[in-house]
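The lines below spell out each chain.
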Amino acid sequence: MADVHFLQAVGVSKTYPGPVSSGVRNINLDIVPGKITAIIGESGSGKSTLLRLLYGLMSPDEGQVLFKSERIWGPEEKLIPGHDEMKMVTQHTDDLNLFARVWDNVAAMLPSTNVKFKEEQTAAVLGQLNMMELAYKRVADLSGGEKQRVAIARAIITKPKVLFMDEPFNQVDTSFREGLQHDIRQIVKENGITVVMVSHDPAEVLSMADELIVIRNGEIVEAGAPKEMYQSPKYLYTAELLSNCNVLSAAEAALCGISTDKESVVIYPEWIRLDSLLKATKWTVDQILFKGFYEDLILENSGVLIRVVNGEHNRFKPGDQIGIKVKKWLEY
Ligand code: ADP
Ligand code: MG
């Protein structure tokens, strides 16, 4: 990369007081401007800590966070924590004015010096996020998910250079979530906003992010583009974060016709072909989980269960004997 860094963490560590290991250790990262970077990791791995350090809500014990080569000051050094050119949206929506309307909550983020501009921008953002029908409701009367959308609109209207989002879609209905993720992606791209988001939802990070950073026990273990990382994760940990995958021991993998000297074999549910005609039919349909346009079959063989995606409803029923062919697998 060029020698001008955008948002950068250099050897950043932060430990919370207490007996157990906590916080983050020796974090080095370079956030690419204009991109959506998602930090993924299991619960307690340090995602929120890292985000708070990047935003300046906390000071690192060691190392530095730099924004355009200038140090981000922590709360001890700065009266109002958080960088002026950055905004953060979290699961919590405490800073909303419950008794004001959605429109006023969003408009309040802009100065009143240019009323016409303020009105236009508020209408634009609420329109882009499909929230016009909420505009004249009081925040107190909204659902949790709707409040989260107001918080997102408030952050976006200020067109920050960097937008941090810490699992901001948790309470948003699944039916809304995909549309909202798409709209946010569109808006941040149009406005050149750099996004750093935290999530543990694979569907969310895979569809939204340009870059993924995987964090485990407070340390970054791998980073890269979503598609490549999904196809060939370096670690079993990453595979399990990104896919509802089958993890088999070497002995169990042998039941799928795979021989390996590694400890574990990972098979994604879509990497298994079902074939009722295969001679070596040993698997039995144990459960069928309806998923809408597809279903997950849980197959059983000698006490081992595997999950397979099936796009053809009514092709199988519980108790059916089935053959499988594994098209691809990973070994760890
Ligand atoms: P994540 O967001 O990935 O779930 P966090 O960054 O919140 O993880 O936490 C990382 C680790 O640090 C966890 O072990 C957590 O228990 C610990 N931790 C987080 N905040 C505090 C705190 N204020 N005091 C003590 N320990 C904390
Ligand atoms: Mg968290």
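Residues numbered from 1 in each chain as written. Chains lettered and ligands numbered in written order. Predicted model: local features only at pLDDT ≥ 70, side-chain atom pairs only at ≥ 80, totals over all residues. Heavy atoms only, no water.

In the nomenclature of an unreviewed UniProt entry, the chain corresponds to ABC transporter ATP-binding protein from the organism Mucilaginibacter terrenus.

Explain the overall build of the chain here, please?
When helices and strands are counted, the chain shows nine helices and 18 strands. Each principal axis of the C-alpha atoms in the chain carries an extent, and together these give about 75 × 45 × 40 Å. Put simply, the chain has 332 residues, and 47% of those count as buried. Long-range pairs, those at least 24 residues apart, make up 62% of the contacts in the chain with a sequence separation of at least 6. As displayed, the chain offers around 16,500 Å² of accessible surface, 51% of which is attributable to carbon and sulfur atoms. When the 36 positive and 44 negative side-chain charges of the chain are each reduced to one mean point, those points stand 3 Å apart. (Helix = DSSP H or I, 4+ residues; strand = E, 2+ residues; numbered from the N terminus. Buried < 20%, exposed > 50% of the residue type's maximum accessible area, 1.4 Å probe, protein only. Contact = heavy atoms within 4.5 Å. Areas by Shrake-Rupley, 256 points an atom, 1.4 Å probe, with all protein chains shown as cover. Lys, Arg positive; Asp, Glu negative; His and termini not counted. Charge placed at Lys NZ, Arg CZ, Asp CG, Glu CD.)

Looking at this structure, I do not really get the site of ligand 1. What am I missing?
Residues in contact with ligand 1, as listed here, are Tyr 16, Ser 22, Gly 23, Glu 42, Ser 43, Gly 44, Ser 45, Gly 46, Lys 47, Ser 48 and Thr 49. One of the side-chain nitrogen or oxygen atoms of Lys 47 is found 2.9 Å away from an oxygen atom of ligand 1. Residue Thr 49 places a side-chain N or O atom 2.5 Å away from an oxygen atom belonging to ligand 1. Starting from 560 Å² of accessible surface for ligand 1 in isolation, the protein chains cover 59%. When the residues that make up the shell around ligand 1 are grouped by side-chain class, the tally is one nonpolar, eight polar and two charged. (Near = heavy atom within 4 Å. Polar contact = N/O pair within 3.5 Å; in protein donor to acceptor, adjacent residues only side chain to side chain. Nonpolar A, V, L, I, M, F, W, Y, C, P; charged D, E, K, R; others polar.)

How do you make sense of the UniProt feature "domain: ABC transporter" (unreviewed entry) in the chain when you look at a structure like this?
Here the UniProt-annotated "domain: ABC transporter" (unreviewed entry) positions come out as residues 7-242. Helix and strand shares over residues 7-242 are 34% and 24% respectively, and the end C-alpha atoms of the span are 25 Å apart. (UniProt positions renumbered as here; feature names shortened; annotations may be inferred.)

Where do I start with the packing of helix H3 (residues 115-128) against helix H4 (residues 144-157) in this structure?
Between two packed helices, what matters for the description is the angle formed by their axes and the separation of those axes. The interhelical angle for the contact between H3 and H4, taken along N-to-C directions, is 130°, at an axis separation of 10 Å. Viewed along their axes, H3 and H4 adopt a mutual orientation that is oblique. As H3 runs across H4, the sense of the crossing is right-handed. When H3 is examined against H4, the residues Gln 121, Thr 122 and Val 125 are found in contact with a partner set consisting of Ala 153, Ile 156 and Ile 157. For the contact of H3 with H4, the residue count by class is four nonpolar, two polar and no charged. (Axes fitted to C-alpha atoms, helices over the stretch in contact; angles between N-to-C directions. Parallel < 35°, antiparallel > 145°, perpendicular 65-115°, else oblique. Left-handed = near helix turned anticlockwise from the far one by under 90°.)

I keep staring at the nonpolar core and nothing clicks. Help me out?
One recurring pattern in soluble globular proteins: nonpolar side chains tend to sit buried together. Residues Ile 184, Leu 299 and Ile 324 are the most contacted members of the largest nonpolar core, which totals 71 residues. By residue number, the principal contributor to this core is H4, which donates seven residues. Per-domain counts for this core show at least three residues from each of domain 1 (7-241) and domain 2 (245-331). Leu 51, Met 86, Met 88 and Val 196 belong to the second largest nonpolar core, which has 26 residues in total. (Core = buried A, V, L, I, M, F, W, Y, C linked by side-chain atoms within 4.5 Å. Domains from an automatic or database assignment.)

Any chance you could explain the pattern of salt bridges here in plain terms?
Opposite charge on two side chains makes pairing possible when the charged atoms of those side chains draw close. With the rule as written, the count across this model stands at 15 salt bridges. The shortest N-O distance in the salt bridge between Glu 219 and Arg 25 comes to 3.6 Å. With Glu 219 in strand E10 (residues 219-224) and Arg 25 in strand E2 (residues 24-31), this pair connects stretches of sequence that are 194 residues apart. We classify Arg 25 as partly exposed; its relative accessible area is 28%. The closest approach of N and O atoms between Arg 185 and Asp 210, which form a salt bridge, is 3.3 Å. Of this pair, Arg 185 sits in helix H5 (residues 174-191) while Asp 210 is found in the loop between helix H6 (202-208) and strand E9 (211-216), placing the two residues 25 residues apart along the sequence. Taking relative accessible area as the criterion, Arg 185 reaches 26% and is therefore assigned partly exposed. Through salt bridges with shared partners, a single network forms among Lys 68, Glu 85 and Lys 161. (Salt bridge = Lys/Arg side-chain N within 4 Å of Asp/Glu carboxyl O.)

Hey, could you run me through H4 in this one?
Side chains that are three or four residues apart share a direction in an α-helix, a result of its 3.6 residues per turn. Here H4 contains 14 residues, and its C-alpha end-to-end distance of 20 Å stays within 8% of the 20 Å for a straight helix at 1.5 Å per residue. H4 sits mainly inside the fold: 13 of its 14 residues count as buried. Positive backbone phi, approximately 45°, marks Lys 159, located one or two places after H4. (Expected span 1.5 Å × (residues − 1).)

Can you help me understand the sheet that holds strand E12 (residues 264-267) in this one?
The pairing of strands in a sheet happens through backbone hydrogen bonds and is either parallel or antiparallel. Strand order in the open sheet formed by three strands is E11-E12-E18, and the pairing between neighbours is antiparallel. At either margin of the open sheet sits one strand with a lone partner, and together these are strand E11 (246-249) and strand E18 (330-331). Sheet topology places E11 next to E12; four bridges connect them, and they run antiparallel. Pairing of Ser 249 across the sheet is with Ser 264, part of E12. (Pairing = 2+ DSSP bridges.)

When you look at the packing of aromatic side chains in this model, what are you seeing that I'm missing?
Here a ring pair, both rings aromatic, is described through the centre-centre distance and the interplanar angle of the planes. On inspection of all chains with the given rule, the structure shows six aromatic pairs. Note on Tyr 268 and Trp 271: the rings are 3.9 Å apart at their centroids and 15° apart in plane angle, and the pair reads as stacked. For the residue pair Tyr 268 and Trp 271, the accessibility class agrees, reading buried in each case. Ring plane angle 65° and centroid distance 5.1 Å describe the contact between Phe 293 and Tyr 294, whose orientation is recorded as edge-to-face. (Phe/Tyr/Trp six-rings, centres within 6.5 Å; stacked < 30°, edge-to-face > 60°.)

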